[in-house]
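Below are the chains, spelled out letter by letter.
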Amino acid sequence: MSIKNPKIHVIGSYAVGMTMNTKQFPRVGETIAGHDFKQIHGGKGANQAVAAARLGADVFFTTCLGSDVFGDLALKMLKKEGINTSSVVQCSKASTGVGFVMVGESGDNEILIDLGANEKLTAENIDEAFAYNFDTDIMLVQLEANLNAVYHALNLANKRNIPVILNPAPFRKVPDEFVSLATYITPNQTEASSLLGYSAEPQELCRKLYEKFKVKVILTAGEDGAYVLETYPNVIMVDGDKVDAIDTTGAGDCFSATLAVMIANGVDLLKAVKIANISAAMSVQISGVVESLPYIKDLNKRFQIEEEVL
């Protein structure tokens, strides 16, 4: 590969995750007993930053934390993972983001989040981040931070010809131009339908997303894999790696981060998606989020082809 350690700029969220396992999800007004409570690191931006770093990327992470114990713990974790935290801001006007996660027996989850300090990220913070970070091979963003700041980052990346992967999750209504500034988008079927305002079969969603936003589309479909539209109107299904899931939390973040690392390394898009499917499948076999994100040596071991992933 021509790029040994791709430089990836992740802009997004950090949230401490409060997770609990349950045999069944409670109905409205119902209290049930859970088990195995854990306090873990999370947030889509942080998950993607850690995943990319573990796959060998030089990661520059821009986010906003609270000036509290959760923020301090987050900084410690990010530095331990080898992530550049020069543009991680700590704000005294809001608490660090928090997510409450219920994990069912099948590995499915329900999540409630308070973005907290993530909403305090500003366009000025983005300007400072771009001033620090001159060398970026690809930028990875989500919708779990202040949208004005993310939009500003998309515009700056566009002006500098930096490829961008937009993971439109959790879905929030944004102007069409917001999405059109991306190079690739990685929605699941629900998010794709929300972006278009109607439901359809995956192949049709891919084509309509391309027609509307003029971006390359990778529509994720869980264990079934992903639908890829790189050249309109051809949609290609890349099969998933079916495994017995223990916890699906963070699998989408693992997919997007792996995809970013592979694209930045010059890997063909279909092969990059195949590798990202395998990486995500590995992650759902381990409980937790950061704990489940694979390292490049493990991905190389798992990827059963004639050559190593990287």
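The text that follows walks through the structure, step by step, so that each part is easy to find.

Cut-offs and rules
- Residues numbered from 1 in each chain as written.
- Predicted model: local features only at pLDDT ≥ 70, side-chain atom pairs only at ≥ 80, totals over all residues.
- Heavy atoms only, no water.
- Helix = DSSP H or I, 4+ residues; strand = E, 2+ residues; numbered from the N terminus.
- Rg over C-alpha atoms; globule rule 2.2 N^0.38 Å.
- Buried < 20%, exposed > 50% of the residue type's maximum accessible area, 1.4 Å probe, protein only.
- Contact = heavy atoms within 4.5 Å.
- Areas by Shrake-Rupley, 256 points an atom, 1.4 Å probe, with all protein chains shown as cover.
- Lys, Arg positive; Asp, Glu negative; His and termini not counted.
- Charge placed at Lys NZ, Arg CZ, Asp CG, Glu CD.
- Phe/Tyr/Trp six-rings, centres within 6.5 Å; stacked < 30°, edge-to-face > 60°.
- Salt bridge = Lys/Arg side-chain N within 4 Å of Asp/Glu carboxyl O.
- Pairing = 2+ DSSP bridges.
- Axes fitted to C-alpha atoms, helices over the stretch in contact; angles between N-to-C directions.
- Left-handed = near helix turned anticlockwise from the far one by under 90°.
- Nonpolar A, V, L, I, M, F, W, Y, C, P; charged D, E, K, R; others polar.

## Here's the deal with the overall build of the protein chain
Broken down by element type, the protein chain carries 10 helices and 13 strands. Here the C-alpha radius of gyration of the protein chain, 18 Å, is about what a compact globule of 310 residues would show, namely 19 Å. Overall size of the protein chain, expressed as C-alpha extent along the three principal axes, is 50 × 45 × 40 Å. Relative to its full complement of 310 residues, the protein chain shows a buried share of 54%. Restricting to contacts in the protein chain with at least 6 residues of sequence separation, those with at least 24 account for 67%. Total accessible area on the protein chain stands at roughly 13,800 Å², and carbon and sulfur atoms take up 50% of it. In the protein chain, the 27 positive side-chain charges and the 37 negative ones have mean positions that sit 3 Å from each other.

## A look at the packing of aromatic side chains
For the coordinates displayed, the defined rule picks out 2 aromatic pairs. Centre to centre, the rings of Tyr 151 and Phe 178 are 5.8 Å apart; their planes meet at 20 degrees, and the pair counts as stacked. Here the residue Tyr 151 occupies a position in helix α4 (residues 147-159), and Phe 178 occupies one in helix α5 (residues 176-180), the gap between them amounting to 27 residues. The partly exposed category is assigned to Tyr 151, whose relative accessible area is 27%. Since its relative accessible area comes to 2%, Phe 178 is described here as buried. Summarising the aromatic geometry, the rings of Tyr 210 and Tyr 232 are spaced 5.2 Å apart at their centres and angled 20 degrees between planes, so their arrangement reads as stacked.

## Description of the pattern of salt bridges
Note that side chains of opposite charge can pair when their charged atoms are close. Within this structure, the stated rule accounts for 11 salt bridges. In this structure, Asp 253 engages Lys 44 in a salt bridge whose closest nitrogen and oxygen atoms are separated by 2.6 Å. Separated by 209 residues along the polypeptide, Asp 253 in helix α8 (residues 251-264) and Lys 44 in helix α1 (residues 44-54) bring together distant segments of the chain. A relative accessible area of 16% means that Lys 44 is categorised as buried. Note that Asp 176 and Lys 212 form a salt bridge whose closest N and O atoms lie 3.7 Å from each other. Placement of the pair is Asp 176 in helix α5 and Lys 212 in helix α7 (residues 202-213), with a sequence separation of 36 residues. In this structure Asp 176 comes out as partly exposed when scored by relative accessible area, which is 40%. A network of salt bridges, in which partner residues are shared, links Glu 204, Lys 208 and Glu 211.

## Looking at the sheet that holds strand β10 (residues 184-185)
Spatially, the 9 strands line up as an open sheet ordered β5-β4-β1-β8-β9-β10-β11-β12-β13, and their pairing is mixed. Two strands close off the open sheet at either side, each with one partner strand: β5 (88-91) and β13 (235-239). Pairing of strand β9 (residues 164-167) with β10, which is carried by 2 bridges, proceeds in the parallel orientation. Counterpart to Leu 166 in the pairing with β10 is Ile 185.

## Description of the packing of helix α3 (residues 123-132) against α4
Close contact between α3 and α4 brings their axes to 8 Å; oriented N to C, the two are set at 35 degrees. Our pair here, α3 against α4, has a crossing hand that is right-handed. Contacts from Ala 123, Ile 126, Asp 127 and Phe 130 of α3 reach α4 at Ala 149, His 152, Ala 153, Leu 156 and Ala 157. Split into classes, the residues belonging to the contact of α3 with α4 amount to 7 nonpolar, 1 polar and 1 charged.

## A word on unusual backbone geometry
Residue Pro 170 is reached from Ala 169 by a cis peptide bond, and omega for that bond is -15 degrees. Positionally, Pro 170 belongs in the loop between β9 and α5. The step from Tyr 232 to Pro 233 runs through a cis peptide bond, and the omega angle for that step is 5 degrees. With respect to the helices and strands, Pro 233 occurs in the loop between β12 (225-229) and β13. With phi around 60 degrees, Asn 161 is a residue other than glycine that occupies positive phi space. Counting through the fold element by element, Asn 161 comes out in the loop between α4 and β9. In this structure Asn 161 comes out as exposed when scored by relative accessible area, which is 68%. Its identity as a non-glycine residue notwithstanding, Lys 214 has a phi of 55 degrees, on the positive side.

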